[in-house]
Amino acid sequence: MGNQLFQEARRFVEMAKSASPADRDSTVAKAKNALSSAYANSTLAEQRQLQEMQQELDQIT
């Protein structure tokens with residue numbers, strides 16, 4: 001099953017990447033919150049992936 005918070009963070013990041021410009025700010029905020037929550041409860045490998053997702057978010061904002 002994997003880390004539920006990690007899966008949720010990935011889902012929110014994907015939503016933010018495909019969000020319309022009008023919805024982008026709120027979806028990015030939700031994605032960042034999910035990334036933050038997931039980070040504390042993740043393995044080192046998951047943390048690296050979460051950092052990559054954070055960089056993706058930074059590129060679209």
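A brief look at the structure comes next. This structure is a prediction, so every number in the text was calculated from the model and none was measured.

Let's talk about the nonpolar core
Among the nonpolar cores identified, the biggest contains 13 residues, and Ala 9, Val 13, Ala 31, Leu 35, Leu 50, Met 53 and Leu 57 are the most heavily contacted of them. Only α1 (4–17), α2 (24–40) and α3 (44–60) provide two or more residues apiece to this core.

Remarks on α2
Here α2 is 17 residues long and its end C-alpha atoms lie 25 Å apart, about the 24 Å a rise of 1.5 Å per residue gives. Residues of α2 that are buried: Thr 27, Val 28, Ala 31, Ala 34, Leu 35 and Ala 38. Relative to the axis of α2, the buried residues are bounded by an arc of 125 degrees and lie together on one face. Opposite the buried face of α2, by more than 90 degrees, sit the exposed residues Asp 25, Asn 33, Ser 36 and Ala 40. Next to the buried residues of α2 lie α1 and α3.

Things to note about the side chain of Glu 46
Within the fold, Glu 46 resides in helix α3. Despite its burial, Glu 46 pairs with no opposite charge; the closest candidate is Arg 10, at 7.2 Å N-O. Setting aside anything within four residues of it in sequence, one finds Glu 46 in contact with Asn 3, Phe 6 and Asn 41.

Some remarks on the packing of α1 against α3
Running from N to C, α1 and α3 cross one another at 20 degrees; their axes reach a closest spacing of 10 Å. As judged from the angle between their axes, α1 and α3 are roughly parallel. Taken as a pair, α1 and α3 cross one another with a handedness that is left-handed. Two secondary-structure elements touch here, α1 through Phe 6, Ala 9, Arg 10, Val 13, Ala 16 and Lys 17 and α3 through Glu 46, Gln 49, Leu 50, Met 53, Glu 56, Leu 57 and Ile 60. Tallied by class, residues from the contact of α1 with α3 come to eight nonpolar, one polar and four charged.

A short note on the pattern of salt bridges
This model, assessed by the stated rule, comprises two salt bridges. In this structure, the salt-bridge partner of Lys 17 is Glu 56, at a minimum N-O distance of 2.8 Å. One end of the pair, Lys 17, is in helix α1; the other, Glu 56, is in helix α3, with 39 residues separating them in the sequence. Via salt bridges that share partners, Glu 14, Lys 17 and Glu 56 belong to a single interconnected network.

What counts and how
- Residues numbered from 1 in each chain as written.
- Predicted model: local features only at pLDDT ≥ 70, side-chain atom pairs only at ≥ 80, totals over all residues.
- Heavy atoms only, no water.
- Core = buried A, V, L, I, M, F, W, Y, C linked by side-chain atoms within 4.5 Å.
- Buried < 20%, exposed > 50% of the residue type's maximum accessible area, 1.4 Å probe, protein only.
- Helix = DSSP H or I, 4+ residues; strand = E, 2+ residues; numbered from the N terminus.
- Expected span 1.5 Å × (residues − 1).
- Arc of directions from axis to C-beta.
- Contact = heavy atoms within 4.5 Å.
- Lys, Arg positive; Asp, Glu negative; His and termini not counted.
- Salt bridge = Lys/Arg side-chain N within 4 Å of Asp/Glu carboxyl O.
- Axes fitted to C-alpha atoms, helices over the stretch in contact; angles between N-to-C directions.
- Parallel < 35°, antiparallel > 145°, perpendicular 65-115°, else oblique.
- Left-handed = near helix turned anticlockwise from the far one by under 90°.
- Nonpolar A, V, L, I, M, F, W, Y, C, P; charged D, E, K, R; others polar.

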